[in-house]
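A look at the structure
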Protein chains: 2
Amino acid sequence: MKIKDIASLTGLSVATISRVMNNHPNVSPETREKVETAIAETGYVPNFLGRNLRVSKTHKILIILPTAGNPFYSEILEAIQEQANHSEYTILIGVTNEDPTLENKYMEMLTTKQVDGAITFLSKYDKYALTQWASQYPLVQCCEYTEGAKITNISVDNEQGAYDAVSYLIRKGHTRIGAIRGQLYFASESDRTAGYKRALEQAGIKYRPEYCHIADYTPEGGYRGAKALMALEEPPTAIFGYGDTISIGVIKALSEMGKIKIGRTDGVRNVAVIGFDDIQLSGMLSPTLSTVYQPKYELGKKSFRLLMDQINKGSENKECYSIKLMHKLVIRESSEL
Amino acid sequence: MKIKDIASLTGLSVATISRVMNNHPNVSPETREKVETAIAETGYVPNFLGRNLRVSKTHKILIILPTAGNPFYSEILEAIQEQANHSEYTILIGVTNEDPTLENKYMEMLTTKQVDGAITFLSKYDKYALTQWASQYPLVQCCEYTEGAKITNISVDNEQGAYDAVSYLIRKGHTRIGAIRGQLYFASESDRTAGYKRALEQAGIKYRPEYCHIADYTPEGGYRGAKALMALEEPPTAIFGYGDTISIGVIKALSEMGKIKIGRTDGVRNVAVIGFDDIQLSGMLSPTLSTVYQPKYELGKKSFRLLMDQINKGSENKECYSIKLMHKLVIRESSEL
DNA sequence: AATGGGGTTGTAAACGATTACAATTCCATT
DNA sequence: AATGGAATTGTAATCGTTTACAACCCCATT
């Protein structure tokens with residue numbers, strides 16, 4: 001069942017059928033009526049392969065994620081989805097697992113016209129390559145940025161967020177503050193490390209490399225990281241996790257070791273924990289997790305909007321925006337016990 | 001830059017270029033060489049819109065999810081992604097939020113040839129409509145099934161899983177067992193309820209409707225559900241959550257109310273909690289969550305394989321399979337304190 | 001009655017690839 | 001030298017739409 005069939009069925013031309021399908025104004029009410037009943041009777045739906053080729057649009061956008069498991073991304077994704085549902089766009093998801101081959105494969109979907117644009121959550125691109133991509137295709141970078149690349153990006157101020165978190169711990173009297181960071185893969189990470197160091201420095205605390213542990217952005221990573229930190233000769237009295245998923249594991253490890261206890265009465269001091277992201281789960285842990293809030297809904301919504309602007313604008317006027325949204329330190333129990 | 005450009009550049013015909021692109025055997029080594037260098041020099045990549053129309057394939061498959069936030073789905077998705085990465089297929093994700101309009105919109109992507117097949121995680125379809133879809137397009141139903149529909153589906157035995165969990169609680173001496181279920185939307189839910197009832201009945205415990213609370217599949221849902229159950233005149237001594245995300249909230253609520261305490265010494269009996277799914281987080285809670293394990297990796301992998309079989313098989317031989325994978329009761333701390 | 005113009009419809013050329021089928025070349029065989 | 005057949009290449013149709021342009025009809029105006 002194709003447009004031609006409807007044409008012969010109604011005795012009209014394919015052009016007219018097409019006009020009805022696309023709500024073109026110049027169709028007489030009678031023919032429109034006739035065509036619509038024919039469509040309804042036959043259950044005809046247009047083939048997008050033909051349409052897409054003709055108009056050179058796919059109405060699909062690609063979301064490139066480093067990993068599928070992190071709830072932080074899921075929550076942003078949810079916001080993007082919501083926006084997409086209100087538009088005529090469908091989202092496609094590509095997970096790279098930090099495999100450069102896959103990263104390229106997904107970017108190539110732009111050149112091969114499989115998608116109209118992309119939102120990437122990666123940052124370790126070559127800045128020249130990235131600028132090149134961004135100049136040719138609708139593309140926005142979310143939660144990350146690549147130093148020196150000309151591309152629209154949107155994120156929080158990770159340096160300041162980390163600074164705020166660590167400064168808070170210092171104000172609470174901590175001087176031995178551990179950190180559990182990711183695999184050095186993201187710009188957001190370097191920034192958080194910079195903020196961590198700045199806070200220490202400002203308080204006159206010297207930075208100790210052994211306090212900065214490298215792990216996955218997973219509870220398991222945080223769990224192992226915390227165990228390692230606490231095994232040091234002089235273990236930290238507070239641990240800053242670079243993601244809530246990490247801090248979940250930190251809390252688990254500390255609880256297990258008796259370094260965290262709710263309603264403690266034995267006089268021992270609990271190890272303080274602070275995270276980053278503020279995923280939904282954070283309020284549901286015991287103890288609830290203090291963390292740096294990222295406006296995930298806005299990050300997702302705005303990314304989508306920025307991408308749509310680029311898509312609709314066409315190739316002229318290719319200016320790039322670099323947008324910072326506000327983070328917020330959220331104090332719950334884990335830093336207060 | 002299109003195939004024609006490469007053709008004129010090399011002085012060959014488009015057919016030959018196409019043959020080189022698709023590794024057809026009948027191309028002389030010299031021309032192949034010549035074409036390949038031309039392609040490399042110009043950076044030509046084929047336009048998939050043209051190709052897709054011609055071969056009537058998109059190399060995309062759609063995953064239809066009820067919600068984006070549940071880590072249970074994320075973990076299955078991860079498995080599907082892994083499979084897809086090894087194939088030439090890309091996955092597209094549609095989240096319905098239980099909006100029937102969206103459900104239809106996504107299913108229509110099959111008829112409009114936007115995707116080659118779909119994996120759906122929904123169950124409340126009209127069985128005739130679903131049979132109709134499944135007979136016309138590659139389609140598999142994952143984690144759910146629709147009674148009476150002819151469609152390939154794969155899931156665990158939810159009835160037996162719930163039965164095992166509740167029976168275990170009964171063996172541990174509990175007789176007042178609460179349940180927190182979802183919004184009556186999934187077949188898996190009805191099945192779990194059936195298993196819950198069967199276990200009670202077999203032990204001679206009468207089913208009390210007020211013990212069966214309805215909530216969202218979220219920590220917040222579980223949190224509120226647990227508070228409601230504990231507010232009953234005769235509160236339950238154990239709570240079975242229909243998903244780990246629910247049970248996370250249950251644990252939170254109970255901890256807050258002092259109904260769960262790790263290393264309790266006051267002689268009070270803790271309320272037991274058990275979940276369903278076994279998401280990665282479950283081992284990272286305090287207390288760790290006892291639950292019914294679902295083989296998420298296999299569910300994802302097998303779904304993808306089953307879909308590929310259908311896609312590759314074409315329209316002939318449309319037989320449906322109904323596959324049950326094994327669940328497993330995983331006992332951790334939350335049921336043992 | 002001729003003219004002009006708005007509204008409606010049709011004709012046919014795209015879009016960029018793949019692929020039957022036909023045509024050509026090249027060699028070995030007779 | 002003529003023939004046949006395999007290997008290679010080219011021609012042109014095709015996939016299902018959209019859309020510029022042409023064509024037509026109908027009616028009001030002159």
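1. Examining the packing of helix α2 (residues 14-21) of chain B against helix α3 (residues 29-42) of chain B
Residues and elements named next belong to chain B. Taken N-terminus to C-terminus, the directions of α2 and α3 make an angle of 85°; their axes are 10 Å apart at the nearest point. Considering their axes alone, α2 and α3 lie roughly perpendicular with respect to each other. From α2, Ile17, Arg19, Val20 and Met21 reach across to α3, where they touch Arg32, Val35, Glu36 and Ile39. When the residues that make up the contact of α2 with α3 are grouped by side-chain class, the tally is five nonpolar, no polar and three charged.

2. A few points about the sheet that holds strand β9 (residues 272-277) of chain A
All names here are of chain A. Strand order in the open sheet made by the six strands is β7-β6-β8-β9-β10-β12, with mixed pairing throughout. Edge positions in the sheet fall to β7 (212-214) and β12 (328-330), since each has one partner strand and no second. If you compare each strand with its neighbour and ignore which way they point, the axes differ by 20° on average. In this sheet, β12 lies alongside strand β10 (residues 290-293) in antiparallel orientation, the contact comprising three bridges. Within the sheet, the bridge partner assigned to tyrosine 293 lies in β12 and is lysine 328. Where helix α9 (residues 187-202) meets the sheet, its contacts fall on β6 (177-181) and β9, and the angle it forms with β6 comes to roughly 175°.

3. As for the relation of the copies chain A and chain B
Of the transformation superimposing chain A on chain B, the axial component is 0.0 Å and the angular component is 180°, with the fit at an RMSD of 0.0 Å. As the rotation angle and translation indicate, the two copies are arranged about a two-fold axis. In terms of C-alpha distance to the rotation axis, chain A has leucine 92 of chain A as its closest residue, with the C-alpha 2.1 Å off the axis. Take the interface residues of chain A: 100% of them recur as interface residues in chain B, which is what a same-surface contact looks like.

4. Focus: the protein's contact with DNA strand C
In the vicinity of DNA strand C lie 25 residues, with Arg19 of chain A together with Ile3, Ser18, Asn47 and Arg54 of chain B positioned nearest. Backbone atoms, meaning sugar plus phosphate, form 59% of the atoms of DNA strand C positioned within 4 Å of the protein. In this structure, threonine 16 of chain A approaches DNA strand C through a side-chain N or O atom, which is 2.8 Å from a phosphate oxygen. Those elements that provide at least two residues to the surface near DNA strand C are α2 (14-21) and α4 (48-55) of chain A together with α2 and α4 (48-55) of chain B. Of the residues assigned to the surface near DNA strand C, the class counts are ten nonpolar, ten polar and five charged.

5. Considerations on the packing of aromatic side chains
All names here are of chain A. Scanning all chains against the criterion turns up 16 aromatic pairs over all chains. Ring centres of phenylalanine 72 and tyrosine 73 lie 5.5 Å apart, and the angle between their planes is 50°; this geometry places the pair in the tilted category. Take phenylalanine 72: its relative accessible area is 5%, and that puts it in the buried class. The exposure class of tyrosine 73 is buried, given its relative accessible area of 9%. Between phenylalanine 240 and phenylalanine 276, the aromatic rings sit 6.4 Å apart at their centres with planes inclined by 50°, giving tilted as the arrangement.

6. Thoughts on the interface of chain A and chain B
Opposite the 51 residues of chain A that make contact, chain B presents 51 residues. Where chain A abuts chain B, roughly 4200 Å² becomes buried across the two surfaces, and 61% of that area is made up of carbon and sulfur atoms. Broken down residue by residue, the surface that chain A buries against chain B is led by Leu49, Lys252 and Met284 of chain A, which jointly contribute 17%. Where chain A touches chain B, the interface holds zero salt bridges. Scanning the region where chain A abuts chain B turns up 14 residue pairs in polar contact (both at pLDDT 80 or more). Contributions of two or more residues to the side of chain A that touches chain B are made by α4, α5 (71-85), β2 (90-95), α6 (100-111), α10 (219-230) and α11 (244-256) of chain A. Across the side of chain A that touches chain B, the residue classes tally to 21 nonpolar, 21 polar and nine charged.

7. Side note on the domain arrangement of chain A
Its domain assignment divides chain A into domain 1 (3-46), domain 2 (58-156 + 297-325) and domain 3 (158-294). For domain 1 of chain A versus domain 3 of chain A, the distance between C-alpha centres works out to 63 Å.

8. Comments concerning α9 of chain A
Residues and elements named next belong to chain A. The end-to-end C-alpha distance of α9 is 22 Å, a good match for the 22 Å that 16 residues give at a rise of 1.5 Å each. Those residues of α9 not exposed but buried are Ala187, Ser188, Glu189, Asp191, Arg192, Thr193, Gly195, Tyr196, Ala199 and Leu200. Buried residues along α9 sit against α8 (158-171), β6 and β9. The positive-phi residue at the C-terminal boundary of α9 is glycine 204, with phi of around 75°.

9. Considerations on the protein's contact with DNA strand D
Around DNA strand D there are 26 residues in total, and Ile3, Ser18 and Arg54 of chain A together with Ser13 and Thr31 of chain B lie nearest to it. Sugar and phosphate atoms represent 58% of those atoms of DNA strand D found within 4 Å of the protein. Within the contact set of DNA strand D, a phosphate oxygen lies 2.9 Å away from a side-chain nitrogen or oxygen of lysine 2 of chain A. Measuring from a phosphate oxygen of DNA strand D, one finds a backbone N or O atom of asparagine 47 of chain A at 3.0 Å. Put simply, the parts of the chain that give the surface near DNA strand D at least two residues each are α2 and α4 of chain A together with α2 and α4 of chain B. Of the residues belonging to the surface near DNA strand D, the class tally is ten nonpolar, ten polar and six charged.

The rules we used
Residues numbered from 1 in each chain as written. Chains lettered and ligands numbered in written order. Predicted model: local features only at pLDDT ≥ 70, side-chain atom pairs only at ≥ 80, totals over all residues. Heavy atoms only, no water. Axes fitted to C-alpha atoms, helices over the stretch in contact; angles between N-to-C directions. Helix = DSSP H or I, 4+ residues; strand = E, 2+ residues; numbered from the N terminus. Parallel < 35°, antiparallel > 145°, perpendicular 65-115°, else oblique. Contact = heavy atoms within 4.5 Å. Nonpolar A, V, L, I, M, F, W, Y, C, P; charged D, E, K, R; others polar. Pairing = 2+ DSSP bridges. Least-squares fit on C-alpha atoms with pLDDT ≥ 70 in both. Near = heavy atom within 4 Å. Polar contact = N/O pair within 3.5 Å; in protein donor to acceptor, adjacent residues only side chain to side chain. Phe/Tyr/Trp six-rings, centres within 6.5 Å; stacked < 30°, edge-to-face > 60°. Buried < 20%, exposed > 50% of the residue type's maximum accessible area, 1.4 Å probe, protein only. Buried area = accessible area lost by both parts, 1.4 Å probe. Salt bridge = Lys/Arg side-chain N within 4 Å of Asp/Glu carboxyl O. Domains from an automatic or database assignment. Expected span 1.5 Å × (residues − 1).

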